[in-house]
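# What the coordinates show
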Amino acid sequence: MIPVNEPLLVGNEKKYLVECIETGWVSSDGPFVKRLESDFSKKVSRNYGVAVCNGSAALEVALASLEIGRGDEVIVPTFTIISCVSAIIRSGATPVLIDCDPNTWNMDVSNINKYITSRTKAIMIVHIYGLPTDIDPVLKVAKDSNLFVIEDAAQMLGQSYKGRPCGSFGDISTFSFYANKHITTGEGGILVTDNQELAERCRSLRNLCFNSKNRYVHQEMGWNFRISNLQAAVGVAQLECLDEFMVKKRSMGEFYTSRLSSVSGLQLPVQKKNSTRNIYWAYSLVLDDSLSINAAELMRKMADLGVGTRPFFWPMHKQPVFQKLGLFKDVDCPVAERISSRGLNIPSGLALTKEQMDYVCNSVELCLG
Ligand SMILES: *Cc1c(COP(=O)(O)O)cnc(C)c1O
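These remarks concern the structure in this document. (Residues numbered from 1 in each chain as written. Predicted model: local features only at pLDDT ≥ 70, side-chain atom pairs only at ≥ 80, totals over all residues. Heavy atoms only, no water.)

## Describing the site of the ligand
To be explicit about the condition: In these notes, residues near a molecule or strand are those with any non-hydrogen atom within 4 Å of it. The term polar contact refers here to a pair of N or O atoms within 3.5 Å; inside protein, the definition further demands a hydrogen-donor-capable atom paired with an acceptor-capable atom, and it admits residues adjacent in sequence only when both atoms are side-chain atoms. To measure how exposed things are, a 1.4 Å probe is used in the Shrake-Rupley method; for residues, cover is taken only from the protein chains shown. Here the term charged refers only to Asp, Glu, Lys and Arg, the term nonpolar to Ala, Val, Leu, Ile, Met, Phe, Trp, Tyr, Cys and Pro, and the term polar to all other amino acids, Gly among them.
As a matter of local geometry, the ligand sits amid Asn54, Gly55, Ser56, Ile81, Ser83, Val126, Asp152, Ala154, Gln155, Ser176, Lys181 and Gly188. At 2.7 Å from an oxygen atom of the ligand is found a main-chain nitrogen or oxygen belonging to Gly55. Separating an oxygen atom of the ligand from a side-chain N or O atom of Lys181 is a distance of 3.1 Å. Alone, the ligand offers 380 Å² of accessible surface; in the complex the protein occludes 91% of this. Taken together, the residues that form the shell around the ligand break down as three nonpolar, seven polar and two charged.

## Side note on the pairing of strand β8 (residues 172–176)
Selection criterion: To sort residues, take the accessible area from a 1.4 Å probe on protein chains only and compare it with the maximum for the residue type: under 20% means buried, over 50% means exposed, and anything in between is partly exposed. Here a strand is any run of E in DSSP of at least two residues, a helix any run of H or I of at least four, and the numbering for each starts at the N terminus. Strand pairing follows a simple DSSP-based rule, namely that at least 2 bridges must link the two strands.
Counting buried positions along β8 yields five of five residues, so the element is predominantly enclosed. Side chains of β8 alternate between two faces, with Ile172, Thr174 and Ser176 and Ser173 and Phe175 buried alike. Pairing of strand β5 (residues 148–152) with β8, which is carried by three bridges, proceeds in the parallel orientation. Bridged to Glu151 within β8 is Ser173.

## Looking at the sheet that holds strand β10 (residues 266–267)
As a reminder, the rule being used: By the convention used here, residues are in contact when the closest approach between their heavy atoms is within 4.5 Å. Helix axes are fitted to C-alpha atoms over the stretch in contact, other axes to C-alpha atoms as well, and angles between N-to-C directions run from 0 to 180 degrees.
Read across the sheet, four strands follow the order β10-β13-β15-β14 without closing on themselves; strand pairing throughout is antiparallel. Edge positions in the sheet fall to β10 and β14 (310–311), since each has one partner strand and no second. Here β14 runs beside strand β15 (residues 343–346); their pairing, made up of two bridges, is antiparallel. Pairing of Arg310 across the sheet is with Asn345, part of β15. Together, β10, β13 (283–287) and β15 form the strand contacts of helix α8 (residues 242–260), whose direction differs from that of β13 by roughly 30°. The sheet contacts of helix α9 (residues 295–304) involve β13, β14 and β15, and relative to β15 the element is tilted by about 25°.

## Points about the packing of aromatic side chains
Stated formally: Centre distance within 6.5 Å is the pairing criterion for rings of Phe, Tyr and Trp, where only the six-membered ring of Trp is used; planes under 30 degrees apart are then read as stacked, over 60 as edge-to-face, and the remainder as tilted. Comment: the charge-over-ring label is applied if NZ (Lys) or CZ (Arg) is within 6 Å of the ring centre and within 35 degrees of the ring normal.
Evaluated as defined, the whole model comprises 17 aromatic pairs. Ring centres of Trp105 and Phe312 lie 5.5 Å apart, and the angle between their planes is 70°; this geometry places the pair in the edge-to-face category. One end of the pair, Trp105, is in the loop between β3 (94–98) and β4 (120–126); the other, Phe312, is in the loop between β14 and α10 (320–324), and 207 residues separate them in sequence. The pair Trp105 / Phe312 is uniform in exposure class, with both members buried. Through successive ring pairs, a cluster of aromatic residues spans Phe79, Trp105, Tyr129, Trp281, Phe312 and Phe313. Sitting over the ring of Tyr16, Arg35 keeps its end group 5.1 Å from the ring centre.

As structure tokens, then:
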């Protein structure tokens, strides 16, 4: 089976892990955690980094650090991973869902003003699959209406928007280091910001809000969302390879596009928007309505040929768990609804070989032929 994602661990990962073991530094107090925070925040042009145990935890800490909670509304795309919306709900705030753009699959920001109320406290940008969300309109409305911007850049490390790195736009921006992300620590994540006070709040929240003067006397509740030195060691090594990885990801995506553009009935990722080249975190196919097959059927056929695939996100307003909570009854997002049953991701991990990619393309042709 060709896996939909396999990471590449061919740099200093082993060397740094051995260093952890030989020095005895395995916990979150080890030196690689600080090194990862400092190297990573520099890479995305931020002043501070706070590493945590995963990207979902990073979103929870981001909301808590901005004191978002009951009575507040947070604008967020419906076409995203559940982590974004579950973090908002757990904070006590109400998610306000927006549909996505039919070409980039990112949040459609053209009418974002329409969603702002007196209770809106923040906009959560989530960059999807390979191109950044159109950030300028979000920053403008956030400034005009005095809102926070939380940027979930988990899929967009290494990408930029108008010459600035993704992850440099939010009051707080977050990343995940899960195994299918551009760099991985197995499990892990990070928050980045330019605001020292926010960074310190995040640092405290990830570590149970221990008190610096009287350790076990707490003014607030936090979480144990710490990352270990072992994970951070892998992250430091991975980060050293990021530029190389980005060249590889782009060339993989461009290879897929050159091979698959002759297949009729397929919508492929937009190669370039304004001056931004797609980074193809996930290489996506959306099946035209003219094809009788849907994404689930194509995924089954591809599996029979030994090719792993991944479904598109399922829109948040269609999630049984949220419907049971009585949420999102009147939400109508036709684009997200359509692509969720017509779209899929094909293998695009960094360890994928040219031969495997050839086989994936042949399999797509065979299944749709
Ligand atoms: C992967 C991902 C997350 C969650 O990260 P975990 O580390 O798996 O918790 C959050 N947001 C986006 C956009 C992601 O792609």
